[in-house]
Amino acid sequence: MTALTHPTTPTTPLTAPDDTPGRCQAGERPRLQVARVFRAAPLLLDCGLPVNDVRLAYHTYGTPQPTATLVLHALTGTSAVHEWWPDLLGAGRPLDPERDYVICANVLGGCAGSSGPADLPTLNGQDAPLTLRDMARAGRALLEHLGVRRVRIVGASMGGMLAYAWLLECPDLVEKAVIIGAPARHSPWAIGLNTAARSAIRAAPGGEGLKVARQIAMLSYRSPDSFAATQTGQRQGVPAITSYLHHHGEKLHARFCERSYVALTGAMDAFQPTDHELRAVQTPTLVVGISSDVLYPPTEVQAGAALLPRAQYRELDSIHGHDAFLMDPGPLPSLVSAFLKG
């Protein structure tokens, strides 16, 4: 396979190179911190490879406590929740730093400060395959590093699938879970979209393939009605939708690693828990589907919730498809707040 690359410049400076947990003071901008875990004993990946000295980049909000709220980011997200989820993070919101200790870490295999594919051992000359369970076990080590013994989990999109992995891998740690816009396992449709994206990356390494992969993904993140409402007409002499897709391809190329994209989408596709495993989960869970989601249709999200004995299902009504949890949250903050406080 043609070699894949990292972006030429990092997206976020590593402002805390040591592994001493810190917190933001009043009025201070949240800062990226970096922990090094699995120094004494390795993380054993599901593929069988041991990994030592794993780097996890993270943000925290609020005063450290033994019980925290853990936010799990989406596929190309980062640990900087304040940058991408202002509707849920803040005073009086579901993720309230004045009340809660909120933590978000860039996943193992990501490219926003955590150990990525280039930092991990190879298997048969290729990047080691990662699983969502590997990411959950790495996250558990971070919580231990921070002195956290119990968590409430909130995850959307890939973060929602990762929440399922936490429920299966770390049931002793999780008090409650909120899963937004995510199925319990990938369908052939979702796997097919990711396969096409990875094929584009491998056919045109160095950035052009990643741009195409992002364009494929963006089509699945919105809905026909959403595009009809926001991307009609022309923009600088080309159809608005064409300009939109090119813009998002360029943006991702500037900040993301194609090897991480391959690794993370592969982990999502490989996550296929059985009905028996899901029925054994006893954690209270709120699962939220999105009415116009074409990537993860609400019937699919609801079917996953139905397998969890202590889950409740709600649906966000929006024309904006999968990305509604970011761009059109509507009653979502109230739903999440009521569940976490209940």
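Residues numbered from 1 in each chain as written. Predicted model: local features only at pLDDT ≥ 70, side-chain atom pairs only at ≥ 80, totals over all residues. Heavy atoms only, no water.

> Just checking my understanding: could you explain the side chain of T60 for this structure?
Topologically, T60 is positioned in strand β4 (residues 54-61). Reaching out from T60, the side chain makes a polar contact with the side chain of Q33 at a distance of 3.4 Å. (Helix = DSSP H or I, 4+ residues; strand = E, 2+ residues; numbered from the N terminus. Polar contact = N/O pair within 3.5 Å; in protein donor to acceptor, adjacent residues only side chain to side chain.)

> Would you mind going over the pattern of salt bridges with me for this structure?
When the charged atoms of two side chains with opposite charge come close together, those side chains can pair. For the coordinates displayed, the defined rule picks out 19 salt bridges. In this structure, the salt-bridge partner of D119 is R55, at a minimum N-O distance of 3.2 Å. One end of the pair, D119, is in the loop between β6 (102-105) and β7 (122-123); the other, R55, is in strand β4, with 64 residues separating them in the sequence. Note on D119: relative accessible area 42%, which makes it partly exposed. (Salt bridge = Lys/Arg side-chain N within 4 Å of Asp/Glu carboxyl O. Buried < 20%, exposed > 50% of the residue type's maximum accessible area, 1.4 Å probe, protein only.)

> Sorry, what's going on with the sheet that holds strand β5 (residues 67-72) here?
Strand pairing in a sheet is mediated by backbone hydrogen bonds. Such pairs are either parallel or antiparallel. On the basis of which strands lie adjacent, the open sheet formed by 8 strands has the order β1-β4-β6-β5-β9-β10-β13-β14 and mixed pairing. Each end of this open sheet is capped by a strand with a single partner; those strands are β1 (33-37) and β14 (311-316). Averaged over all pairs of adjacent strands, the angle between their axes in this sheet comes to 25 degrees, without regard to strand direction. Here 4 bridges tie strand β10 (residues 174-180) to strand β13 (residues 285-290), and the two strands are oriented parallel to one another. Its bridge partner lying in β13, I179 is registered against V287. Against the sheet, helix α2 (residues 132-146) engages β1, β4, β6 and β9 (150-156), with an angle of about 60 degrees to β4. (Pairing = 2+ DSSP bridges. Axes fitted to C-alpha atoms, helices over the stretch in contact; angles between N-to-C directions. Contact = heavy atoms within 4.5 Å.)

> How do you make sense of the nonpolar core when you look at a structure like this?
Core analysis: the biggest nonpolar cluster contains 82 residues, and L108, L132, I153, W166 and Y261 have the highest contact counts within it. Of the residues forming this core, the biggest block, 9 residues, is contributed by helix α3 (residues 158-169). If we skip the residues at most four places from it in the chain, L132 touches M161, L162, A165, A267, M268 and F271. Formed by 23 residues, the second largest nonpolar core is a distinct cluster that contains Y61, L95, V102 and V288. (Core = buried A, V, L, I, M, F, W, Y, C linked by side-chain atoms within 4.5 Å.)

> Please clarify how helix α7 (residues 240-255) should be interpreted in this entry.
Helical geometry: 3.6 residues make up each α-helical turn, so side chains three or four residues apart lie on a common side. A rise of 1.5 Å per residue sets the reference length of α7, with its 16 residues, at 22 Å; its end C-alpha atoms lie 23 Å apart and thus fit the reference within 8%. If you check which residues of α7 are buried, you get A240, S243, Y244, L245, H248, G249 and L252. Summarising the contacts, the buried residues of α7 are in contact with α5 (208-221), α6 (224-230), β11 (234-235), β12 (238-239) and α8 (258-270). (Expected span 1.5 Å × (residues − 1).)

> Teacher, can you tell me more about the packing of α2 against α3 here?
For any two helices packed against each other, the geometry comes down to the angle between their axes and how far apart the axes lie. The contact between α2 and α3 brings their axes to 9 Å, and the two run at 70 degrees. As summarised for this structure, α2 and α3 are arranged roughly perpendicular, according to the angle between their axes. Facing α2, whose interface residues are L132, R133, M135, A136, R137, G139, R140 and L143, α3 presents M161, L162, A165, W166, L168 and E169. For the contact of α2 with α3, the per-class residue count stands at 9 nonpolar, 1 polar and 4 charged. (Parallel < 35°, antiparallel > 145°, perpendicular 65-115°, else oblique. Nonpolar A, V, L, I, M, F, W, Y, C, P; charged D, E, K, R; others polar.)

> Help me understand the pairing of β1, please; the structure alone is not making it clear to me.
Along any regular strand the residues' side chains alternate between the sheet's two faces. A large share of β1 lies buried, amounting to 4 of its 5 residues. Both β1 and β4 contribute to a ladder of 5 bridges, which runs antiparallel. Counted as the bridge partner of V34 is A57 from β4.

> Mind showing me how you'd approach the pairing of β9 here?
Summarising burial for β9: 6 of the 7 residues are buried, a large majority. Each parallel crossover has a hand, and for β9 linked through α3 to β10 it is right-handed. (Right-handed = clockwise from strand over helix to strand, strands pointing away.)

> Looking at this structure, how should I read the environment of P171?
Tracing the backbone shows P171 in the loop between α3 and β10. The spacing of P171 and Q282 is 111 residues in sequence and 8.1 Å in space, taken between C-alpha atoms. Not counting chain neighbours up to four residues away, the residues in contact with P171 comprise R150 and W166.

> What's the story with the packing of aromatic side chains in this structure? I'm lost.
Note on aromatic pairs: each is described by the distance of the centres and the angle between the planes. Scanning the model with the defined rule gives 4 aromatic pairs in all. Taken together, a centroid distance of 6.3 Å and an interplanar angle of 90 degrees make the contact between F256 and Y261 edge-to-face. For the pair F256 and Y261, one class covers both residues: buried. Taken together through their ring pairs, the aromatic side chains of W84, W85 and F325 make up a single cluster. In this structure, K176 packs its charged tip against the face of F339, placed 5.2 Å from the ring centre. (Phe/Tyr/Trp six-rings, centres within 6.5 Å; stacked < 30°, edge-to-face > 60°. Lys NZ or Arg CZ within 6 Å of the ring centre and 35° of its normal.)

> Even after reading the chapter, I still don't get the packing of helix α4 (residues 188-203) against α5, so can you show me in this structure?
The contact between α4 and α5 brings their axes to 7 Å, and the two run at 160 degrees. Here α4 is positioned roughly antiparallel relative to α5, judged by the angle of their axes. As α4 packs across α5, the resulting crossing turns out to be right-handed. Between α4, through L193, A196, A197, A200 and I201, and α5, the contact on the second element is made entirely by G209, L210, V212, A213, I216 and S220. (Left-handed = near helix turned anticlockwise from the far one by under 90°.)

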